[in-house]
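# Commentary on secondary and tertiary structure
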Amino acid sequence: MFKIPFVFLQSLQYLLMKKMLCLFSLLLIQHSLCAQPYLDVASVRYQTNPAGGIFRQGFAQNKYTYANAALNLPLVLKDSSILMWSPALESWQVKSPALPQVPGELRGMALPLAFVKPVNPYWTATFLAIPRWNGAGDFNFKDRFQMGGAVLLAKKKNQNLTYKFGVYYNREFFGHFVMPLLGVDWRPAPSLRVFGVLPGNAVIEKKVSKAFYYGLSFRAITTSYRFTTPLSNTPSFIRIDDNTLQAFADLYLTKNMVLNAEVGHSLFRRYRLGHEDGSEKYFMREKFRDGPLLRISLLYRIRFDKT
């Protein structure tokens, strides 16, 4: 029986994937669907706070590390709408004398599903469902579930400016969390881009060449993880509020493979512990002094801006 060479199958698979990604890129450019000028199809990130600050009542050093792996898998429908499935895994390691009750590792898994609908050449609507599981070292699916979602509308004013606004909701372990969203994708110059959706993220990106970009970015995190304390079976949670401001550099090792490095500082970092059925929501509120951070990422990225 005639057998198709394996190298030929690999080449065919590569061409089909490239064609699908090109189609997806063209649709995103046409309808301005993204809050950023690229799509990170796959990413692995690691962040460390080598000197995580000093908490208010003492001089013991705190250390935090964060790791994340994520995919963005698009499916283009016949009417040019897009379904985007974005599974992600994350891990926090928090070590501080101020938080002795917290397990050494906090784990999360999210399976967001987005539906992006071009309404007309000027308006696009995005609907996002975000099921996730956040827990501690004894991570399981039984009682770690959260459900959230978001609605984001985008209006294209011209080729270089798109406004975005909407609302985000998540049923955190500390209660209902609702946040208005306001974003922009602005290109004031061919080599300069400003984009993001606040309060979550904002980026100022400068292009030096096809292989090198740099800029400033801001990220804000509010999340919670459920765990059980060793002294009781009462369901407890930790709430993490951490904002970071950093300078970044993107080095394109190939057309799509990117090495990203960021150096920055945390802002208004806070950790709170609570019981879900307690008389008070939080039994420990600790403000931490902010400290420096280093974040390294390896990304498979597709850019939509071709200039």
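Reading guide: rules and limits
- Residues numbered from 1 in each chain as written.
- Predicted model: local features only at pLDDT ≥ 70, side-chain atom pairs only at ≥ 80, totals over all residues.
- Heavy atoms only, no water.
- Helix = DSSP H or I, 4+ residues; strand = E, 2+ residues; numbered from the N terminus.
- Buried < 20%, exposed > 50% of the residue type's maximum accessible area, 1.4 Å probe, protein only.
- Contact = heavy atoms within 4.5 Å.
- Polar contact = N/O pair within 3.5 Å; in protein donor to acceptor, adjacent residues only side chain to side chain.
- Salt bridge = Lys/Arg side-chain N within 4 Å of Asp/Glu carboxyl O.
- pLDDT = per-residue confidence, 0-100.
- Phe/Tyr/Trp six-rings, centres within 6.5 Å; stacked < 30°, edge-to-face > 60°.
- Core = buried A, V, L, I, M, F, W, Y, C linked by side-chain atoms within 4.5 Å.

### Focus: the overall build of the protein
Counting its secondary structure elements, the protein contains 1 helix and 18 strands. When each of the 307 residues of the protein is scored for burial, the buried share is 44%. Considering only residue pairs separated by 6 or more positions, the protein has 55% of its internal contacts joining residues 24 or more positions apart.

### Describing the environment of Val 184
Here Val 184 shows up in strand 11 (residues 175–189). In this structure Val 184 comes out as partly exposed when scored by relative accessible area, which is 24%. As a C-alpha pair, Val 184 and Leu 198 span 14 residues in sequence and 8.9 Å in three-dimensional space. Filtering out sequence-adjacent residues up to four positions away, Val 184 remains in contact with Leu 161, Thr 162, Val 194, Phe 195 and Gly 196.

### A closer look at the side chain of Asp 242
Inspection of the secondary structure assignment puts Asp 242 in strand 15 (residues 235–252). A polar side-chain atom of Asp 242 sits 3.4 Å from a polar atom in the side chain of Arg 269. For Asp 242, the residues in contact, after removing those within four places along its chain, are Trp 92, Arg 219, Ala 220, Ile 221, Ser 266, Arg 269 and Tyr 271.

### Regarding the pattern of salt bridges
Two side chains with opposite charge may pair up if their charged atoms get near one another. The final tally for this structure, using the stated rule, is 13 salt bridges. The residue Arg 45 makes a salt bridge to Asp 40 at a minimum N-O spacing of 3.6 Å. Its salt-bridge partner being Arg 107, residue Glu 105 comes within 3.3 Å of it at the nearest N-O pair. Residue classification places Arg 107 among the partly exposed positions, given a relative accessible area of 33%.

### Examining the confidence of the model for the protein
Here the protein averages 83 in pLDDT, while 80% of its residues score no lower than 70. Throughout residues 12–16 the model reports pLDDT below 50, and contacts reaching past four residues in sequence, or to other chains, amount to 0 contacts. A low-confidence stretch, residues 19–34 (pLDDT under 50), is modelled with 33 contacts involving residues beyond four sequence positions or located in other chains.

### What about the packing of aromatic side chains?
Enumeration over the complete set of coordinates arrives at 11 aromatic pairs. Ring centres of Trp 123 and Phe 165 lie 6.1 Å apart, and the angle between their planes is 85 degrees; on these two criteria the pair is classed as edge-to-face. You can see Trp 123 sitting in strand 8 (residues 123–135) and its partner Phe 165 sitting in strand 10 (residues 161–172), a full 42 residues away along the chain. Pairing Phe 174 with Phe 237 gives two aromatic rings, centres 6.5 Å apart and planes at 50 degrees, and the pair type is tilted. A residue pair is termed long-range when its members are at least 10 positions apart, and Phe 174 in the loop between strand 10 and strand 11 and Phe 237 in strand 15 qualify at 63 residues. Each member of the pair, Phe 174 together with Phe 237, is buried. An aromatic cluster is present here, built from Tyr 168, Phe 174, Phe 177, Phe 237 and Tyr 282 joined pairwise through their rings.

### Concerning the nonpolar core
One finds Trp 92, Leu 99, Leu 106, Ile 238 and Tyr 271 to be the most contacted residues of the largest nonpolar core, which totals 17 residues. When contributions to this core are tallied by element, the ones reaching two or more residues are strand 2 (63–71), strand 5 (88–95), strand 14 (212–228), strand 15 and strand 16 (257–275). Grouped together as the second largest cluster of nonpolar side chains are 6 residues, Leu 39, Val 41, Ala 114 and Ile 302 included.

### Comments concerning unusual backbone geometry
With an omega dihedral of 10 degrees, the bond running from Leu 198 to Pro 199 counts as a cis peptide bond. Positive phi, close to 75 degrees, is recorded for Ser 80, a residue that is not glycine. As for its position among the elements, Ser 80 is in the loop between strand 3 (73–76) and strand 4 (82–85). The class for Ser 80 is partly exposed, based on a relative accessible area of 21%. The backbone of Phe 268 shows a phi angle near 55 degrees, a positive value even though the residue is not glycine.

### Notes on the side chain of Asn 68
Examined against the element boundaries, Asn 68 turns out to sit in strand 2. In this structure Asn 68 comes out as buried when scored by relative accessible area, which is 13%. Among the polar contacts listed, one links the side chain of Asn 68 to the side chain of Tyr 66, at a separation of 3.4 Å.

### Some thoughts on the environment of Thr 162
Looking at where Thr 162 falls in the secondary structure, it is placed in strand 10. Judged by relative accessible area, Thr 162 falls into the buried class, the value being 6%. The spacing of Thr 162 and Asp 185 is 23 residues in sequence and 5.1 Å in space, taken between C-alpha atoms.

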